[in-house]
Amino acid sequence: MSEGTMQRRAQRDQPERAKRLTRVLVCAAVVPVMLIAAGCSSDSGSDDGKGKGDGASASASANPSPTVQAAAYRTLPEACGVLSKKTLEDLAPKAKSGKQGGSDDVSTRASCSWSSLDNNGVKGSQFRWLNVSLLRFDSDTTRGAGDKLAREYYAKQVRDARATVGAKGTGAEPLTGTGDEATAVSYDLKKKEGTFKQQTIVARVENVVVTLDYNGAGLAGDKTPDADDLLKDAKKAAREAVLSVTKANGTGAASGSPSAPASAPASAKPSAAASKPASDKS
């Protein structure tokens, strides 16, 4: 091929090569734009997913923590001091001092007992035994409000008193003016020393249960005490013990039923005393 012919062909091909180069440059410019657009789309999807996760967390955290009505009473009086000197002289005249029961926390469980033996020589003797038990229930998110737990325990105490093994002539009556609710249970219990006239009064005031046991017997030939007299004295002592509980808790004590505070988280330490304190009943 002659040199002239080659030059003419090269001149004809120049426009076509220029067109192909233009197309390559245009495509090269378009690719980054598409990659950037794809990258933005990917980021947007990630943000959307993250937003949904945050919304779910916010929804979950919006659920309130479990709460329960706070217990009205936070403490107990000193058990051996719940009864006045005059009352003790009437119910247990020969008792020298009260015997405090064992407790790992006297703010939730406490008790005190008095024994009296009036020896009349050959005429026999009069025996009296008095015991006061106090049990306070804290509110708990699992078990419920303190006053609810106290109502359940109160009912159990009454049932137990009425079901005393060996009791004869058992009777029960509701009492007024003794806390929020109260029941007196009376029966006879025969022992080798003689016949004991038993009076048990169970009372509830808010989240505290007061159980008062009082019994008497004529020993060595002395006459058996009158059950009605014993019951009258027991009722008086029970009212006094309940009043001591309300006084120990300050405001509202005069009415015997202070207003319960607003709902609050339950105590992290529920009352450890969930069962009846051990009794040293004669």
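Here, every reference points to the structure presented above.
Here the residue index of a chain counts from 1 through its sequence in written order. Restriction of local features to residues with pLDDT of at least 70 applies here, the model being predicted, together with a cutoff of 80 or more for giving and counting side-chain atom pairs; totals for whole chains, interfaces and linings are based on all residues. Neither water nor hydrogens contribute to the side-chain values; these are computed over all heavy atoms in the structure.

Secondary structure elements follow DSSP: runs of H or I no shorter than four residues count as helices, runs of E no shorter than two count as strands, and numbering proceeds from the N terminus. The helix and strand tally for the protein chain stands at 4 helices and 9 strands. If you list the helices and strands of the protein chain from N to C, you get α-β-α-β-β-β-α-β-β-β-β-α-β. Within the span of the protein chain, comprising 282 residues, buried residues form 37% of the whole. We call two residues in contact when some of their heavy atoms are within 4.5 Å. Within the protein chain, contacts between residues separated by at least 24 positions form 63% of all contacts whose residues are at least 6 apart in sequence. Note on areas: Shrake-Rupley with a 1.4 Å probe; residue coverage comes only from the protein chains shown. Carbon and sulfur atoms make up 54% of the accessible area of the protein chain, which totals about 16,100 Å². Accessible area is worked out with a 1.4 Å probe on protein chains only. A residue is then buried under 20% of its type maximum, exposed over 50%, and partly exposed in between.

A word on the pattern of salt bridges. What counts as a salt bridge is simple: a side-chain nitrogen of Lys or Arg found within 4 Å of a carboxyl oxygen of Asp or Glu. Inspection of the entire model under this criterion finds 11 salt bridges. Note that Asp 90 and Lys 86 form a salt bridge whose closest N and O atoms lie 2.8 Å from each other. Highlighted residues: Asp 90 and Lys 86, both in helix H2 (residues 85-91), separated by 4 residues, approximately one helical turn. Judged by relative accessible area, Asp 90 falls into the partly exposed class, the value being 35%. The exposure class of Lys 86 is partly exposed, given its relative accessible area of 49%. Among the charged side chains, a salt-bridge network with shared partners connects Lys 86, Asp 90 and Lys 236.

So, on to the state of the cysteines. Note on terminology: pairs of cysteine sulfur atoms within 2.5 Å are recorded as disulfides. Taken as a whole and judged by the stated rule, the model has 1 disulfide. Two residues, Cys 80 and Cys 112, share a disulfide whose sulfurs are 2.0 Å apart. Residues Cys 80 and Cys 112 are joined through a disulfide that is right-handed, its torsion about the S-S bond being 95°. Residue Cys 80 is located in the loop between strand S1 (68-69) and H2, and its partner Cys 112 is located in strand S3 (residues 109-119); the two are separated by 32 residues in the primary sequence. On the basis of relative accessible area, Cys 80 is assigned to the partly exposed category, the value being 22%.

This part takes up the pairing of S3. Only strands joined by at least two bridges in the DSSP assignment are considered to pair. Pairing analysis gives 2 bridges linking strand S2 (residues 99-100) to S3, with the strands arranged antiparallel. The residue of S3 that forms the bridge with Lys 99 is Ser 113. Relative to strand S4 (residues 125-136), S3 runs antiparallel, the two being bridged by 11 bridges. The partner of Ser 113 across the bridge, within S4, is Asn 131. Counting the residues that bridge the hairpin from S3 to S4 gives 5 residues, and of these Gly 121 lies at a positive phi of roughly 65°.

Judged by nonpolar contacts, the single largest core of 33 residues is most densely connected at Leu 83, Trp 114, Leu 130, Val 132, Leu 134 and Val 210. Looking at this core, the elements that each hand over two or more residues are H2, S3, S4, strand S6 (181-191), strand S7 (194-205), strand S8 (208-219) and helix H4 (227-248). With 8 residues, the single largest contributor to this core is H4. Setting aside anything within four residues of it in sequence, one finds Leu 130 in contact with Leu 83, Leu 88, Leu 91, Cys 112, Ser 113, Trp 114, Leu 212, Asp 213 and Tyr 214. We call a set of buried Ala, Val, Leu, Ile, Met, Phe, Trp, Tyr and Cys residues a nonpolar core when their side-chain atoms join them within 4.5 Å. By size, the runner-up hydrophobic cluster in this structure holds 14 residues, among which are Leu 135, Ala 150, Val 158 and Tyr 187.

Take the side chain of Ser 139 next. Position of Ser 139 relative to the elements: it lies in the loop between S4 and helix H3 (146-162). The buried category is assigned to Ser 139, whose relative accessible area is 4%. A 3.5 Å cut-off defines polar contacts: any pair of N or O atoms within that distance qualifies, except that in protein one atom must be a possible hydrogen donor and the other a possible acceptor, and neighbouring residues in sequence count only when both atoms are side-chain atoms. Side-chain polar atoms of Ser 139 contact the backbone oxygen of Gln 69, separated by 2.5 Å. Side-chain polar atoms of Ser 139 contact the backbone nitrogen of Ala 71, separated by 3.2 Å.

For H3, spanning 17 residues, the distance from its first C-alpha to its last is 25 Å, which sits close to the expected 24 Å at 1.5 Å a residue. Residues of H3 that are buried in the fold lie against S4, S6, S7 and S8. One less than the number of residues in a helix, times 1.5 Å, gives the span that helix is expected to have.

The sheet built from 7 strands is open, its strands ordered S2-S3-S4-S8-S7-S6-S5 with antiparallel pairing. This sheet does not close on itself; its edge strands, each paired only once, are S2 and strand S5 (168-175). Lines fitted to C-alpha atoms define the axes here, with helix axes fitted over just the stretch in contact, and angles between the N-to-C directions of these axes take values from 0 to 180 degrees. Against the sheet, H4 contacts S4, S5, S6, S7 and S8, and its axis sits at roughly 30° relative to S7.

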